[in-house]
Amino acid sequence: MTPAVRVRSGHGPGGSWEVAVARPHPRLRPGVLGYRGFRLALDRPRRRLEPPIGASTLLLGFEEPLRITRAGRPPATLVSLYSGPATTAAVGEHTGRVSGIEVLLAPWAAFTLLGTPQHELTDRPVDPDDLPHALGAPGGRWRGVHDLAGALAALPTWERRFGLLDDVLGHWSAAGPPSAAQVVRAWTELVRTGGELPVPRLAEEVGWSVRHLENRFREQIGLGPKAAARVLRLQRARRMLAAGYGPAETAAACGFYDQAHLSGEFRAMTGCTPGAFAAAARRPASDGADSTGGTGPDGGADPAALLLAPDRSAVFSKTPDPR
């Protein structure tokens, strides 16, 4: 089945851009959340702040590398990369000429695809070919992710690229270690409630002790359930602020004790205040290429694209919604 693809493109004073989004094949859902292809040819480098999200990202790069910087870790410069669960923001930079495909994954699906305990990959980008995924298995059609990225880049249309990804990820999923049904169920409930379900109740619902749930979450999600709930609450709050809700209303709706609690969590995980985030959300993008961030659950672009002025230290990316 050929994926239904939506393509947007534009050209302006800042350069040209193209973005294509699609949903993965139904057999890959709900683990594989969406595809986003992009091709940017801009007049200057771009920097953007990537806040923690309730999902993992596999980037298959076609040409120029990205430079990823996170507090407390040395910068990483990679063409293709995997970014797992995180509790702190990262800054991504590129030269202005970059292309590739982002695959948005539920963290438990990333555990199956990569065959690596996810707690080993938290808060750091890695080269996916350094991990024991099925694409590198003896007799495989591709030697690894970089080889696959080259094959995708050589195809003439986004439809064919996404169709190839459907086939490869289907094989990859079947070859990897299965995720525990209890982990999938617990994660789904956390996402459904926006991180507001208490951990003891979550453990009770799946029939595990709190300690066992925490251990399996760290293995297959990358974060413990309490940390994962923090990320999901903040993700929901970012979407509400971007939609125009005030900090007090947002704090009450998203399960924070009060507005001060929301502000503290914002600073800890994004480095900015809710007010600064809301102001950036109201700022119009300087060109279409700056509003081409994350992928939503239907493969479409999430509306919460944020761009700070060029003289600011970072640019906010969009906030994908993994529901």
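Right above here is the structure, for reference.
In this text, all values refer to a predicted model and were calculated from it rather than measured experimentally.

What exactly am I supposed to notice about the nonpolar core here?
It is characteristic of soluble globular proteins that their nonpolar side chains tend to be buried jointly. Counting residues in each nonpolar core, the largest one holds 35 residues, and the members touching the most others are Trp187, Leu190, Leu213, Phe217 and Phe266. For this core, the elements supplying multiple residues, two or more each, are helix H1 (107-114), helix H4 (181-192), helix H5 (199-206), helix H6 (210-220), helix H7 (225-242) and helix H9 (259-270). With eight residues, H7 is the largest single contributor of residues to this core. If we ignore the near neighbours within four places in the chain, the residues touching Phe266 are Leu234, Ala237, Arg238, Leu241, Gly271, Cys272, Thr273, Pro274 and Phe277.

Even after reading the chapter, I still don't get the sheet that holds strand S4 (residues 46-50), so can you show me in this structure?
The strands making up a sheet associate through backbone hydrogen bonding, with each pair oriented either parallel or antiparallel. Spatial strand order, S4-S9-S6-S7: four strands in an open sheet with antiparallel pairing. The open sheet has two edge strands with one neighbour each: S4 and strand S7 (76-78). Put simply, the sheet's adjacent strands are angled 25° from each other on average, direction ignored. Strand direction decides the pairing type here: S4 and strand S9 (residues 90-94), joined by five bridges, are antiparallel. Note that in S9 the partner of Arg46 across the bridge is His94.

Would you mind going over unusual backbone geometry with me for this structure?
Glycine aside, residues mostly have negative phi angles, and peptide bonds mostly take the trans form. The step from Arg29 to Pro30 runs through a cis peptide bond, and the omega angle for that step is 10°. Tracing the chain through its elements places Pro30 in the loop between strand S2 (15-22) and strand S3 (32-42). Unusually for a residue other than glycine, Asp123 sits at a positive phi of about 55°. Topologically, Asp123 is positioned in the loop between H1 and strand S11 (125-126).

Reading the values: rules and limits
Residue positions are given per chain, counted from 1 along the sequence in the order it is written. Thresholds applied to this predicted model are a pLDDT of at least 70 for local features of residues and 80 or more for the giving and counting of side-chain atom pairs; totals over whole chains, interfaces and linings are not thresholded and use all residues. Water and hydrogen atoms were dropped before computing side-chain values, which therefore reflect all heavy atoms in the structure. What makes a nonpolar core is a set of buried Ala, Val, Leu, Ile, Met, Phe, Trp, Tyr and Cys residues whose side-chain atoms join them at distances within 4.5 Å. Any residue under 20% of the maximum accessible area for its type is buried, any over 50% is exposed, and the rest in between are partly exposed; the area is computed with a 1.4 Å probe on protein chains only. In this description a helix means any DSSP run of H or I spanning at least four residues, a strand means any run of E spanning at least two, and both kinds are numbered starting from the N terminus. Residue contacts are counted whenever heavy atoms from the two residues lie within 4.5 Å of one another. Pairing between strands requires that DSSP locate at least two bridges from one strand to the other. Geometry is summarised by axes, namely lines fitted to C-alpha atoms with helices restricted to the contacting stretch, and by angles between N-to-C directions that run from 0 to 180 degrees.

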